[in-house]
2 protein chains.
Amino acid sequence: MAANQNVKTSTTSSSIQQSQNILPNIFIHGPPKFSIFLQPNPSHNFHILNPSCLPPLHQFIATNPHHASSIHAILCTTLFPVNAEVLDLLPSLRLVCASTAGINHIDLAECKRRGIHVTDAGNTFSEDVADMAVGLLIDVSRKISVADSFLRRKLQHASWDFPLGSKLTGKKIGVVGMGRIGSEVATRLEAFSCKISYNSRNKKSSISYPFYSSVLELATNTNVLILCCALNDETRHIVNKQVMLALGKGGIIVNVGRGGLIDEKELLRCLIEGEIGGAGLDVFENEPHVPKELFSLDNVVLSPHAAVLTSESFNGISKVVEENLKAFFSNKPLITPVI
Amino acid sequence: MAANQNVKTSTTSSSIQQSQNILPNIFIHGPPKFSIFLQPNPSHNFHILNPSCLPPLHQFIATNPHHASSIHAILCTTLFPVNAEVLDLLPSLRLVCASTAGINHIDLAECKRRGIHVTDAGNTFSEDVADMAVGLLIDVSRKISVADSFLRRKLQHASWDFPLGSKLTGKKIGVVGMGRIGSEVATRLEAFSCKISYNSRNKKSSISYPFYSSVLELATNTNVLILCCALNDETRHIVNKQVMLALGKGGIIVNVGRGGLIDEKELLRCLIEGEIGGAGLDVFENEPHVPKELFSLDNVVLSPHAAVLTSESFNGISKVVEENLKAFFSNKPLITPVI
């Protein structure tokens, strides 16, 4: 259905293009470094209006009001919402290309209502995010970052004095969200002889791991929760106080999904009071803010929303974005359509 | 053959025990914390002479010369050599129980010459060491410890600004030493779709991964070297300048073996000058010393010889040591004999 809509809409875009004999304009809606990492190659199908990713959209439209109607697509990333207010600025917008797998920063209902297509990162980041999830889990279990910091600050030398960690091999792992990322995480941790269980909206017939219909039940039966699901109204604070208490004092939470999946205030309390064993956090509830209470804790590993930050993934997403743009402006089906 | 020797020798020990109607004494030869972690349960087969692991052996014998001949076994660990000088202090010694997998701190030839048996940790630590190797590799590739440190020092907030890491999935991994630990590492990294090759003294018919007869050739054909072999005269500085240059600027070295496997001076130079991409180091050439040049580098992760430091492994090694002692002083075959 998306492809059909796409053909219809992109025909319209193509008509605009042909009638005006100019290329459709693309606006990059993100932070300054976004354009360095994510720069589609020059194309005869479209034109990047702000290749240096500046100024911000509101400012750009305010100073270049004639461009409001020339922008047919935007590239966007987290922390740069695509909501009704942004959409109101762009009356000719037909395509939103997200550079991310999570798209909770995009108002999908509003896009749908306006006939605007949305693409995401597809499967581009799944392997990197799964690698990061396993890395954070080993790091927390085995105290790698805290030991590295102790050594560098000369609070420790290489000998017996360091506190004992917790073994990963054989642990019971609860994956929350058994999609592309969750499956990659499970595959990796099976090779550590871990016992995998999962929770997701529905039991998946293609997945043989034990399924729990609630995260509370999953936490009760596992040593580790790894959060890989999307953030939406159903999953916000899916890990609350009760879930953390069920996971217990030795339990570890790894979050490579979105910060809002966890009740962050309760997480802080549980970490400080030892109600859970530790946490590996790549995402936070109010990014780019990271709660300062975390900085003094030895049972957490903190990562700056970096699960997809590899050169390989950035080459991959550049290609996916470029192919989506080319497809859209050539009246072909989108590569990674959401709507 | 070891078991036969054991029966012969432990019969002698047992005779001493019976004739004197006292339990054979065990001395704990290690740092103060050693005895906290590694304390065999009380037994009617033997008696721990220094349960608090103090004073050091030389001092103990100097102040208690009558005990020199009463010590029939010692428990020992790295950094506490068991060489001819130590053996000379203990004329009745019949068993050296190492709490480690690597036993380069024990003069095996000298033990053999004197008819002294040696046991090691057997397979107790293989899983934990393999977990640590993978953890260090992900940490270096994905810059986890450096990011954690940047966040805590407020040099970074959770957003796009952090430098890109390197993808782990699919990388070519060279395992140096395909024993118990190397096999566990390979199994784990296969689940990350990594391509495994290995070097060891001899090609192993039971292992299907490609074999390279030299570490230089292995480094030339891989992105990552993981050192899991024992340190001995053949393997000292097995990773030298030439090997590091062959591994190349994007290459990563993980060492969970012994520090002496790498020419540490050359490693420092290669890391500082970017001749290799990075390193995850759990061991160092002159422990407990860690070269201070490493402390300012962002492309290394440093760990205080902590690959076996989990409560699970310590319970495991306590049991192995206790079972070896019980077996030895009951004239039964040793559990994890080396000689």
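What counts and how
Residues numbered from 1 in each chain as written. Chains lettered and ligands numbered in written order. Predicted model: local features only at pLDDT ≥ 70, side-chain atom pairs only at ≥ 80, totals over all residues. Heavy atoms only, no water. Helix = DSSP H or I, 4+ residues; strand = E, 2+ residues; numbered from the N terminus. Rg over C-alpha atoms; globule rule 2.2 N^0.38 Å. Contact = heavy atoms within 4.5 Å. Areas by Shrake-Rupley, 256 points an atom, 1.4 Å probe, with all protein chains shown as cover. Lys, Arg positive; Asp, Glu negative; His and termini not counted. Charge placed at Lys NZ, Arg CZ, Asp CG, Glu CD. Least-squares fit on C-alpha atoms with pLDDT ≥ 70 in both. Core = buried A, V, L, I, M, F, W, Y, C linked by side-chain atoms within 4.5 Å. Buried < 20%, exposed > 50% of the residue type's maximum accessible area, 1.4 Å probe, protein only. Buried area = accessible area lost by both parts, 1.4 Å probe. Salt bridge = Lys/Arg side-chain N within 4 Å of Asp/Glu carboxyl O. Pairing = 2+ DSSP bridges. Right-handed = clockwise from strand over helix to strand, strands pointing away. 1 Å grid on protein atoms, 1.4 Å probe; cavity = no way out; pocket = protein on both sides within 12 Å on 5 of 7 lines; lining within 4 Å. Points joined across faces, edges and corners; volume = space filled by probe spheres on them. Nonpolar A, V, L, I, M, F, W, Y, C, P; charged D, E, K, R; others polar. Axes fitted to C-alpha atoms, helices over the stretch in contact; angles between N-to-C directions. pLDDT = per-residue confidence, 0-100. Phe/Tyr/Trp six-rings, centres within 6.5 Å; stacked < 30°, edge-to-face > 60°. Polar contact = N/O pair within 3.5 Å; in protein donor to acceptor, adjacent residues only side chain to side chain.

**What about the overall build of chain A?**
Consideration 1: Each helix and strand counted, chain A has 12 helices and 11 strands in total.
Consideration 2: For 339 residues, the compact-globule estimate of 2.2 N^0.38 gives 20 Å, and chain A sits close to it at 22 Å.
Consideration 3: By its C-alpha atoms, chain A is 75 × 50 × 30 Å across when sized along the principal axes.
Consideration 4: Sequence-distant contacts in chain A: of pairs separated by 6 or more residues, those separated by 24 or more amount to 59%.
Consideration 5: With an accessible surface of roughly 13600 Å², chain A has 52% of that area assigned to carbon and sulfur atoms.
Consideration 6: The positive charge centre, built from 30 side chains, and the negative charge centre, built from 29, are 3 Å apart in chain A.

**Focus on unusual backbone geometry**
Phi is mostly negative for residues that are not glycine, and the peptide bonds are mostly trans.
All names here are of chain A.
Consideration 1: A cis amide bond links E287 with the next residue in sequence, P288, at an omega value of 5°.
Consideration 2: Among the structural elements, P288 can be located in the loop between β10 (278-281) and β11 (300-302).
Consideration 3: For L79, which is not glycine, the phi dihedral falls at a positive 75°.
Consideration 4: Take L79: it is sitting in the loop between β3 (71-76) and α4 (84-89).
Consideration 5: Of note, the phi angle at H237 is positive, near 55°, even though the residue is not glycine.
Consideration 6: As for its placement among the helices and strands, H237 is situated in the loop between β8 (224-227) and α10 (241-247).

**Thoughts on the environment of D128 of chain B**
Consideration 1: Residue position: D128 of chain B is located in helix α6 (residues 126-142).
Consideration 2: When the C-alpha atoms of D128 of chain B and L168 of chain B are compared, they prove to be 20 Å apart, with 40 residues separating the residues in sequence.
Consideration 3: Leaving out residues up to four positions away in the same chain, D128 of chain B has contacts with R142 and K167 of chain A together with A307, V308, T310 and S313 of chain B.

**Examining the relation of the copies chain A and chain B**
Consideration 1: Superposing chain A onto chain B requires a rotation of 180° together with a translation of 0.0 Å along the rotation axis, leaving an RMSD of 0.1 Å. The relationship between the two copies is best expressed as a two-fold rotation axis. Relative to the rotation axis, the C-alpha of S145 of chain A is the closest in chain A, positioned 2.3 Å from it.
Consideration 2: Interface overlap between copies is the fraction of interface residues in one copy that are interface residues in the other; for chain A against chain B it reaches 100%, indicating a shared surface.

**Topic: the nonpolar core**
If you look at soluble globular proteins, the nonpolar side chains tend to sit buried side by side.
Consideration 1: Counting residues in each nonpolar core, the largest one holds 121 residues, and the members touching the most others are L189 of chain A together with L189 of chain B.
Consideration 2: Leave out the neighbours within four places in its chain, and L189 of chain B touches V134, L137, L168, I173, C194, I196 and I226 of chain B.

**As for the interface of chain A and chain B**
Consideration 1: Across the boundary between the two partners, chain A contributes 65 residues, which contact 65 residues of chain B.
Consideration 2: The junction of chain A with chain B conceals about 5800 Å² of combined surface from both sides, 63% of it contributed by carbon and sulfur atoms.
Consideration 3: Where chain A meets chain B, there are 6 salt bridges.
Consideration 4: The shortest N-O distance in the salt bridge between E127 of chain A and K167 of chain B comes to 2.8 Å.

**A word on the pairing of strand β3 (residues 71-76) of chain B**
Residue and element names in this part refer to chain B.
Consideration 1: Counted residue by residue, β3 has 6 buried out of 6 residues, so it is predominantly covered.
Consideration 2: As paired elements, strand β1 (residues 25-29) and β3 share 5 bridges and run parallel to each other. In the strand pairing of β3, N25 is matched with I71.
Consideration 3: With helix α4 (residues 84-89) bridging β3 and the parallel strand β4 (residues 95-98), this β-α-β connection has right-handed handedness.

**What to know about empty space enclosed by the protein**
All names here are of chain B.
Consideration 1: For the structure on display, the rule yields 1 cavity of 30 Å³ or more.
Consideration 2: As a volume, the largest cavity reaches approximately 40 Å³.
Consideration 3: Lining the largest cavity, in full, are N255, G259, I262, E264, L267, L281 and V283.
Consideration 4: Looking at side-chain class alone, the lining of the largest cavity contains 4 nonpolar, 2 polar and 1 charged residues.

**A short note on the sheet that holds strand β9 (residues 252-255) of chain A**
Pairing between sheet strands relies on hydrogen bonds along the backbone, with the strands arranged either parallel or antiparallel.
Residue and element names in this part refer to chain A.
Consideration 1: If you trace the 6 strands from one edge of the open sheet to the other, you get β7-β6-β8-β9-β10-β11, paired in parallel fashion. Edge positions in the sheet fall to β7 (195-199) and β11, since each of these pairs with one other strand and no more. Averaged over all pairs of adjacent strands, the angle between their axes in this sheet comes to 15°, without regard to strand direction.
Consideration 2: Packing of helix α6 (residues 126-142) onto the sheet brings it into contact with β6 (172-176), β8, β9, β10 and β11, and relative to β9 it is tilted by some 150°.

**Describing the confidence of the model for chain A**
Consideration 1: Predicted confidence across chain A gives a mean pLDDT of 90, with 94% of residues reaching 70 or more.
Consideration 2: Counting interchain partners and residues more than four positions distant, the pLDDT-below-50 stretch residues 1-20 of chain A has 30 contacts.

**Details of the packing of aromatic side chains**
Consideration 1: All chains considered together, the criterion is met by 6 aromatic pairs over all chains.
Consideration 2: With centroids separated by 5.1 Å and ring planes inclined at 90°, the aromatic side chains of F328 of chain A and F329 of chain A adopt a geometry described as edge-to-face.
Consideration 3: Its relative accessible area of 0% is what places F328 of chain A among the buried residues.
Consideration 4: When the ring of F27 of chain B is compared with that of F60 of chain B, the centres are 5.1 Å apart and the planes differ by 50°; the resulting orientation is tilted. In this pair, F27 of chain B sits in strand β1 while F60 of chain B sits in helix α3 (residues 57-63), placing the two residues 33 residues apart along the sequence. In this pair, the class of F27 of chain B matches that of F60 of chain B, namely buried.

**What to know about the side chain of K167 of chain A**
Consideration 1: Assignment of secondary structure puts K167 of chain A in the loop between α7 (144-152) and β6.
Consideration 2: Accessibility expressed as a relative area gives 13% for K167 of chain A, which makes it buried.
Consideration 3: Only 2.8 Å separates the side chain of K167 of chain A from the side chain of E127 of chain B, close enough to count as a polar contact.
Consideration 4: With sequence-adjacent residues up to four places away left out, K167 of chain A is seen in contact with E127, D128, T310 and E312 of chain B.

**Description of helix α11 (residues 264-272) of chain B**
Residues and elements named next belong to chain B.
Consideration 1: If you check which residues of α11 are buried, you get E264, E266, L267, L268, C270 and L271.
Consideration 2: On its buried face, α11 is in contact with α10 (241-247), β9 (252-255), β10 (278-281) and β11 (300-302).
Consideration 3: Of the residues trailing α11, G274 is marked for its positive phi of about 70°.

**Thoughts on the sheet that holds strand β1 (residues 25-29) of chain A**
Residues and elements named next belong to chain A.
Consideration 1: One open sheet holds the 5 strands; their spatial order is β2-β1-β3-β4-β5, and the pairing between them is parallel. The sheet is open, and its two borders are formed by β2 (47-48) and β5 (117-119), each paired with just one other strand.
Consideration 2: Set on the sheet, helix α12 (residues 311-328) makes contact with β1, β3, β4 (95-98) and β5; between it and β4 the angle comes to about 165°.

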